[in-house]
Amino acid sequence: MGFYPDLPIITQRLTLRPFTRGDVDAVLDYRGREDVALYLFDTALSREECALAVQQRILQTSWSAEGDKIVLAAVLSESDTLIGELSLIWRSEDARQGEIGWIFHPDHHGRGYATEAASALLDLGFQGADLHRIFARCDARNASSWRLMERLGMRREAHFREHALFKGGWDEEFVYAVLRREWRTGG
Amino acid sequence: MTGLQFPLATDRLELRHFERADVALVGRYHMLPAVQRYLVRPTRYQEDVAAAVEIMRGQVCLQRPGDTLTLAMQRKGDKAVLGHVSLHWSDATAGQGELLFAIDPAYAGGGFLTEALTAMLDLAFGHYGIHRVFVRCDGRNHHSAKLMQKLGMRLEAHYREHALFQGEWDEELHFAILDREWQATSKVHPLPLRDRVA
Ligand SMILES: CC(C)(COP(=O)(O)OP(=O)(O)OC[C@H]1O[C@@H](n2cnc3c(N)ncnc32)[C@H](O)[C@@H]1OP(=O)(O)O)[C@@H](O)C(=O)NCCC(=O)NCCS
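Structural notes, computed from the coordinates. Think of each chain on its own: its residues are numbered from 1, step by step along the sequence as written. Here chains are named by letter from A upward and ligands by number from 1 upward, in the order in which they appear as written. Per-residue local features are limited, in this predicted model, to residues with pLDDT of at least 70; the limit for side-chain atom pairs, both in listing and counting, is 80 or more; totals at the level of whole chains, interfaces and linings are taken over all residues. With hydrogens and water stripped out, all remaining heavy atoms of the structure feed into the side-chain values.

So, about the overall build of chain B. For helices the rule is a DSSP run of H or I covering at least 4 residues; for strands it is a run of E covering at least 2, with both sets numbered from the N terminus onward. Along chain B, the regular secondary structure elements total five helices and eight strands. In sequence order, chain B lays out its α and β elements as β-β-α-α-β-β-β-α-β-α-β-β-α. Two things to know: the radius of gyration comes from C-alpha atoms, and the globule rule equals 2.2 Å times the number of residues to the power 0.38. Taken over C-alpha atoms, the radius of gyration comes to 16 Å for chain B, in line with the 16 Å a tight globule of 198 residues would show. Long-range contacts, defined as pairs at least 24 residues apart, comprise 61% of the intrachain contacts of chain B with a sequence gap of at least 6. By element, 53% of the accessible surface of chain B is carried by carbon and sulfur atoms, the whole surface being about 9,300 Å². By definition, residues are in contact when any of their heavy atoms lie within 4.5 Å. Only the protein chains shown count as cover for residues, and the accessible areas themselves come from Shrake-Rupley with a 1.4 Å probe.

All names here are of chain B. Within strand 3 (residues 68-75), seven of the eight residues are buried, which leaves the element mostly enclosed by the surrounding structure. Whether two strands pair depends on DSSP finding at least two bridges between them. As defined by bridge partners, strand 2 (residues 13-16) adjoins strand 3 across four bridges and the pair is classed as antiparallel. The partner of Leu 15 across the bridge, within strand 3, is Met 73. Each residue's exposure class comes from its accessible area (1.4 Å probe, protein chains only) as a fraction of the maximum for that residue type: buried when under 20%, exposed when over 50%, partly exposed otherwise.

Residue and element names in this part refer to chain A. When we say a residue is near a molecule or strand, we mean one of its heavy atoms is within 4 Å of it. Neighbouring the ligand are 21 residues; Phe 104, Gly 110, Ala 114, Thr 115 and Arg 147 lie closest to it. His 109 is positioned with one of its side-chain polar atoms (N or O) 3.2 Å from an oxygen atom of the ligand. Side-chain atoms alone can form a polar contact between residues adjacent in sequence; in general such a contact is a pair of N or O atoms within 3.5 Å, and within protein one must be able to donate a hydrogen while the other accepts it. Between the ligand and Asn 142 there is a distance of 2.9 Å, counted from an oxygen atom to a side-chain nitrogen or oxygen. Those elements that provide at least two residues to the shell around the ligand are strand 5 (97-104), helix 4 (113-128), strand 6 (133-139) and helix 5 (143-151). In terms of residue count, helix 5 provides more of the shell around the ligand than any other element does, five residues in total. Polar here means any residue outside two lists: the nonpolar Ala, Val, Leu, Ile, Met, Phe, Trp, Tyr, Cys and Pro, and the charged Asp, Glu, Lys and Arg; Gly therefore counts as polar. Residue composition of the shell around the ligand, by class: nine nonpolar, seven polar and five charged.

Further remarks concern helix 3 (residues 47-59) of chain A. All names here are of chain A. The terminal C-alpha atoms of helix 3 lie 19 Å apart, and with 13 residues this matches the ideal 18 Å at 1.5 Å per residue to within 8%. Regarding helix 3, the residues found buried are Cys 50, Ala 53, Val 54 and Arg 57. Taken down its axis, helix 3 places every buried residue within 100° of arc, on the same side. Turned more than 90 degrees from where helix 3 packs its buried face, Glu 48, Leu 52 and Leu 59 sit exposed. For helix 3, the secondary structure elements touched by its buried residues are helix 1 (24-31), strand 3 (69-76) and strand 4 (81-92). In this scheme, a helix's expected span is set at 1.5 Å multiplied by one less than its residue total. Arc definition: directions from the helix axis to the C-beta atoms.

All names here are of chain A. Each aromatic pair joins two rings of Phe, Tyr and Trp (for Trp, the six-membered one) with centres within 6.5 Å, and gets the label stacked for planes under 30 degrees apart, edge-to-face for over 60, and tilted for any other angle. As enumerated under the stated definition, the model contains seven aromatic pairs over all chains in all. A centroid spacing of 6.2 Å and a plane angle of 85° characterise the contact between Phe 174 and Tyr 176, whose relative ring orientation is edge-to-face. Members of the aromatic cluster, joined through ring pairs, are Phe 3, Trp 63 and Trp 90. Here, a charge over a ring is recorded when the distance from Lys NZ or Arg CZ to the ring centre is within 6 Å and its angle to the ring normal is within 35 degrees. Its end group placed over the ring of Trp 146, Arg 156 keeps NZ or CZ at 5.3 Å from the ring centre. The residue whose ring lies beneath Arg 156 is Phe 174, and the NZ or CZ to ring-centre distance is 3.7 Å.

Turning our eyes to something else, we now look at helix 2 (residues 46-58) of chain B. Residue and element names in this part refer to chain B. With 13 residues, helix 2 should cover 18 Å at 1.5 Å per step; its first-to-last C-alpha distance of 19 Å lies within 8% of that length. Of the positions making up helix 2, those classed as buried are Asp 48, Val 49, Ala 52, Val 53 and Met 56. Down the axis of helix 2, the smallest arc covering the buried residues is 140°, so these residues share one side. Opposite the packed face of helix 2, turned more than 90 degrees from it, sit the exposed residues Glu 47 and Gly 58.

This paragraph deals with the nonpolar core. Core analysis: the biggest nonpolar cluster contains 40 residues, and Leu 15, Met 73, Val 85, Leu 117, Val 133 and Met 148 of chain B have the highest contact counts within it. Those elements that place two or more of their residues in this core are strand 2, strand 3, strand 4 (81-91), strand 5 (96-103), helix 3 (112-127), strand 6 (132-138), helix 4 (142-150) and strand 8 (168-178) of chain B. Think of a nonpolar core as a cluster: buried Ala, Val, Leu, Ile, Met, Phe, Trp, Tyr and Cys residues, connected wherever their side-chain atoms sit within 4.5 Å.

Residue and element names in this part refer to chain A. The axes are straight lines fitted to the C-alpha atoms, using for helices just the contacting stretch, and the angles between their N-to-C directions are given from 0 to 180°. In contact at an axis separation of 9 Å, helix 1 and helix 3 are set at 120° when each is read in the N-to-C sense. Put simply, helix 1 runs oblique to helix 3. Where helix 1 crosses over helix 3, the handedness of that crossing is right-handed. Each of Val 24, Asp 25, Val 27, Leu 28 and Arg 31 in helix 1 lies in contact with helix 3, whose residues at this interface are Arg 47, Cys 50, Ala 51, Val 54 and Arg 57. A per-class count over the contact of helix 1 with helix 3 returns six nonpolar, no polar and four charged. Comment on the angle field: the value is read as roughly parallel under 35 degrees, roughly antiparallel over 145, roughly perpendicular from 65 to 115, and oblique elsewhere. Less than a right angle of anticlockwise turn of the near helix away from the far helix marks a crossing as left-handed, whereas a clockwise turn marks it as right-handed.

As structure tokens, then:
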């Protein structure tokens, strides 16, 4: 059936809005860094790769088929600074499943921005898109990411060991999830 | 990968390839709702059973990723077919395999699956050099979960309401074991040396 949310989403300190052509340098600022890419599938991106990524994201603002992504820029409302990005992927239409993900600029870690933004996106998923379950995945070594999942109230559902190769070594992965009835919209 | 001979013998079973004549025996359990979940394809009618046996008959070895080896669990003596066990080679570079199985409920609880799956794990690690073997099972099927634990498999995942199955919310467990962990626990059910596959 699809989902076409009203954007932007305004939270206490942030504006979650679609990407625009002018965002390339701000995205390069964090996606170009090795430390940010450490646990991402992508390696650190070049400027051209960032330009391409931004180009794709401009259109990723709604769902019309399974697998579609909504990708939003997280912007500090006060200074209009782009500090990161979040995604919500439509994984299953009949079972109403979604997957959430996040990447923030290290200069803006540790202030609760990711928690604030992700929480708004979970609201969107459960309330707006009527999802039944939203999950997130991360490398088991990516403590800031799984601690964020726990802060959001997600439950650890899986701990896979050596189930795949990742960047030249064995992968170890966590899956966290939250069900609609566990999530307090607006909370 | 030579030197593998079928049937594989365990204490009470022979694990052999399927034959066309197995349709009648397989029909005894293959259409039961409880058995449907992890079959290669759902079998609702007798024709589906014939098609499923045809597929299983072709699953005789693992040559490339994506291949499945399926063996009938045939009881020594009376030659009854109690069910089947499959090893699916899901990923070559990371050496991943999945075990699938089904048993006629009339024979469940007799330790036959433990025997057959032990032989399949020996085969996966000892013969095919697989790095990790996993099993998916219904979260409400406590027999399966206990069986996996008995085999020394670790619970890696417990998904709740992650999918719909036959119109209801599904609950799924994943168990896994690594090659080095199997070395350590293969005492669980030692096979006589001559029955080993290596
Ligand atoms: C994952 C990631 C987004 C987490 O960022 P984060 O800064 O830890 O998360 P938050 O913005 O929610 O900040 C939480 C921290 O701020 C603190 N904080 C300060 N003010 C806060 C507030 N108002 N609300 C909540 N937390 C607050 C929290 O106590 C917490 O501190 P701690 O890490 O010492 O426990 C970030 O590490 C990242 O972008 N990593 C690189 C990319 C990546 O790996 N992405 C995930 C791939 S799976």
